[in-house]
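Examination of the molecular architecture
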2 protein chains.
Amino acid sequence: MAAARRPSPAHACQSCDVRANAICASLDGCALAELGSLGRRMTVRSGQTLLWEGDEAALVGNVLTGMLKLSTMTGDGREQIVGVVFPGDFIGRPFGKDSLQTVTALTDATVCVFRRNAFDSFAEAHGEIGQALLRRTLDELDRARRWMLLLGRMSASERVATLLIELHSRLGHGRSGDTIMLPLSRQQMGDLLGLTIETVSRTMTRFERAGLIRLPGGRRLEMRNEEELKRIAAG
Amino acid sequence: MAAARRPSPAHACQSCDVRANAICASLDGCALAELGSLGRRMTVRSGQTLLWEGDEAALVGNVLTGMLKLSTMTGDGREQIVGVVFPGDFIGRPFGKDSLQTVTALTDATVCVFRRNAFDSFAEAHGEIGQALLRRTLDELDRARRWMLLLGRMSASERVATLLIELHSRLGHGRSGDTIMLPLSRQQMGDLLGLTIETVSRTMTRFERAGLIRLPGGRRLEMRNEEELKRIAAG
DNA sequence: CGCGACGTTGATTGTTATCAAGTGGAGTGG
DNA sequence: CCACTCCACTTGATAACAATCAACGTCGCG
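Residues numbered from 1 in each chain as written. Chains lettered and ligands numbered in written order. Predicted model: local features only at pLDDT ≥ 70, side-chain atom pairs only at ≥ 80, totals over all residues. Heavy atoms only, no water.

1. Section: the protein's contact with DNA strand D
Taken together, 15 residues are adjacent to DNA strand D, and Ala156(A), Thr199(A), Arg202(A), Ser201(B) and Thr205(B) come closest. Taking all atoms of DNA strand D within 4 Å of the protein, the share assigned to sugar and phosphate is 61%. At 2.6 Å, a side-chain N or O of Ser201(B) approaches a phosphate oxygen of DNA strand D. Thr205(B) is positioned such that a nitrogen or oxygen atom in its side chain is 3.4 Å from a phosphate oxygen of DNA strand D. Of all the secondary structure elements, the ones that give two or more residues to the surface near DNA strand D are α6 (197-209) of chain A together with α6 (197-209) of chain B. Counting residues per element, the surface near DNA strand D draws most heavily on α6(B), which supplies four residues. Residues of the surface near DNA strand D, tallied by class, amount to two nonpolar, seven polar and six charged. (Near = heavy atom within 4 Å. Polar contact = N/O pair within 3.5 Å; in protein donor to acceptor, adjacent residues only side chain to side chain. Helix = DSSP H or I, 4+ residues; strand = E, 2+ residues; numbered from the N terminus. Nonpolar A, V, L, I, M, F, W, Y, C, P; charged D, E, K, R; others polar.)

2. Regarding α6(A)
Residues and elements named next belong to chain A. With 13 residues, α6 should cover 18 Å at 1.5 Å per step; its first-to-last C-alpha distance of 18 Å lies within 8% of that length. Restricting attention to buried positions, one finds in α6 the residues Val200, Thr203, Met204 and Phe207. Relative to the axis of α6, the buried residues are bounded by an arc of 100° and lie together on one face. Away from its buried face by more than 90 degrees, α6 exposes Arg202 and Arg209. (Expected span 1.5 Å × (residues − 1). Buried < 20%, exposed > 50% of the residue type's maximum accessible area, 1.4 Å probe, protein only. Arc of directions from axis to C-beta.)

3. A closer look at the pairing of strand β4 (residues 59-65) of chain B
Residue and element names in this part refer to chain B. Most of β4 sits inside the fold, with six of its seven residues counted as buried. Note: β4 against strand β9 (residues 109-115), six bridges, orientation antiparallel. Bridge pairing links glycine 61 to valine 113 in β9. Pairing analysis gives two bridges linking β4 to strand β7 (residues 90-91), with the strands arranged antiparallel. Within β7, the position partnered with asparagine 62 by the bridge is phenylalanine 90. (Pairing = 2+ DSSP bridges.)

4. What to know about the pairing of strand β8 (residues 102-105) of chain B
The two faces of a sheet get side chains in turn, since along a regular strand they alternate between them. Residues and elements named next belong to chain B. Of the two faces of β8, both are covered, the one formed by Thr102 and Thr104 as well as the one formed by Val103 and Ala105. Inspection of the sheet shows strand β3 (residues 49-51) paired to β8 by two bridges, in the antiparallel sense. From the neighbouring strand, leucine 51 faces β8, where its bridge partner is valine 103. As paired elements, strand β5 (residues 68-73) and β8 share four bridges and run antiparallel to each other. Considered in β8, the bridge of serine 71 is made with threonine 102.

5. A closer look at the interface of chain A and chain B
Listed as interface residues are 48 residues of chain A and, on the opposing side, 48 residues of chain B. In total, chain A and chain B occlude about 4,200 Å² of area from one another, counting both sides; carbon and sulfur atoms represent 57% of this. In terms of surface lost to chain B, no three residues of chain A exceed Arg145(A), Met148(A) and Arg153(A), which account for 19% of the buried area on that side. At the boundary of chain A and chain B, one finds 12 salt bridges. Across the salt bridge formed by Asp142(B) and Arg93(A), the nearest N and O atoms sit 2.8 Å from each other. Our count for the contact surface shared by chain A and chain B stands at 22 residue pairs in polar contact (both at pLDDT 80 or more). Looking at the side of chain A that touches chain B residue by residue, the classes come out as 20 nonpolar, 14 polar and 14 charged. (Contact = heavy atoms within 4.5 Å. Buried area = accessible area lost by both parts, 1.4 Å probe. Salt bridge = Lys/Arg side-chain N within 4 Å of Asp/Glu carboxyl O.)

6. Things to note about the relation of the copies chain A and chain B
Of the two same-sequence chains, chain A is brought onto chain B (RMSD 0.1 Å, axial shift 0.0 Å) by a rotation of 180°. Both chain copies can therefore be described as sitting about a two-fold axis. The overlap is high: 100% of the interface residues of chain A also sit at the interface in chain B, so the same surface is used on both sides. (Least-squares fit on C-alpha atoms with pLDDT ≥ 70 in both.)

7. Section: the state of the cysteines
Following the criterion strictly, the structure yields zero disulfides over all chains and no others. Cysteine Cys16(B) shares no disulfide, and the gap to the nearest cysteine sulfur, in Cys13(B), comes to 6.5 Å. (Disulfide = S-S within 2.5 Å.)

8. Description of the protein's contact with DNA strand C
Of all residues adjacent to DNA strand C, which total 15 residues, the nearest are Arg186(A), Ser201(A), Thr205(A), Ala156(B) and Thr199(B). A share of 60% is what sugar and phosphate atoms reach among the atoms of DNA strand C within 4 Å of the protein. For DNA strand C, a phosphate oxygen lies 2.8 Å from a polar atom in the side chain of Arg186(A). One of the side-chain N or O atoms of Arg202(A) is found 2.8 Å from a base nitrogen in DNA strand C. Those elements that provide at least two residues to the surface near DNA strand C are α6 of chain A together with α6 of chain B. Tallied by class, the residues present in the surface near DNA strand C amount to two nonpolar, seven polar and six charged.

Quick look at the structure:
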């Protein structure tokens, strides 16, 4: 079941929704048209995998809509999600290495993909894009390292609280009292936090009983006491 | 107790030991001289801190000799080491952000430092250095994400085995039967692995009793059965 | 209606953290 | 040269936390 692919007309970049947030923002009209001619839009259904850990990473690209996860596995199949990408974010590993992560759609998603070789050459020729990619990669590295503190040193409550705060601020409008739809299953939350599904579930019901959140049906989350949750997340 | 600092003569770059391995390798003689004029050599004693988490990160630079750790802490003081840097590696956070890690010398070390602003401007003007930094940052990100799997999903034995294999291959000559000096205290190993000092110690004595390693005195490590240790590390 | 995916809850186990001594070696000073 | 101290490390006993194993509930869908 291959993902649907179709050429994206060159002019599409001009009106691209994520252009301002993606690395393409660094390019002028001419370079943008050139890059656009190298790319293709691609639709990925929720659950489908775009890149496999260990395979030659033939693709890179930008997320247009939806969310995807980056994950790695131990030899015996335990999974850890090492990153989640949103519209405007870059995916894949430029510059000649195998993919070290599996990239899988968490929701239906569209991405604008390039063959890695073609993208690498383009990047060599257009320094701006390297600059943009560098800034983005430095931010990603900061995020990964912050998450290492969570994985290495935080308790289950601290981990879950941190995730809920982050999802709420990222997907809600930041207002306390909001209800958001959780984009992750309990299993995925566990894979992100280094916990089991049961521990995630128990921790969330404990938060609900304590009046910090409400969980009206599996995937809905209502924030009731963000301050206290933040206090827990801080460790 | 401020670290010792002295100007590095511009010509020092030409004969710099780490030049071939550092981002400077990307520069031609002229640009190298320019960058050299911005930098200063600096000595840091084991245990001294170069940058503090949360402070404005005024410095960036290259490691010339020694090893340093990058670490973060929870609000209540639990520490996680998120990276270890060796000669030729880059330290600091270019492009306008506070340092998110504390950088501390694990051994006596020398670094070649630049004021961040001066370095940023130089990097804007010299695309090559951005390219070199990008490749290095992508590698760092891969490493950080691999470590996230260890922190999130591996048992104490798997974590310790992974670290010992990595230290042995990095510091020894890769031959089984070698003895190496461990560059980390048990506490530091724990901070890197997300474990307590006691768990690290117990795990190592279990490995010794099983004949996988020998520990002749606190900091020496002799590899006796690298294969089995690798098997454990694989999960 | 029954099935399957997802989520919750309970009982129990197992691993690692915590608390508390104890050991051994390097360095100091009588 | 021998206590003495300090520090890193080890070892032991116990507790706490999260994983595991096992039902059970709920929702959506054929």
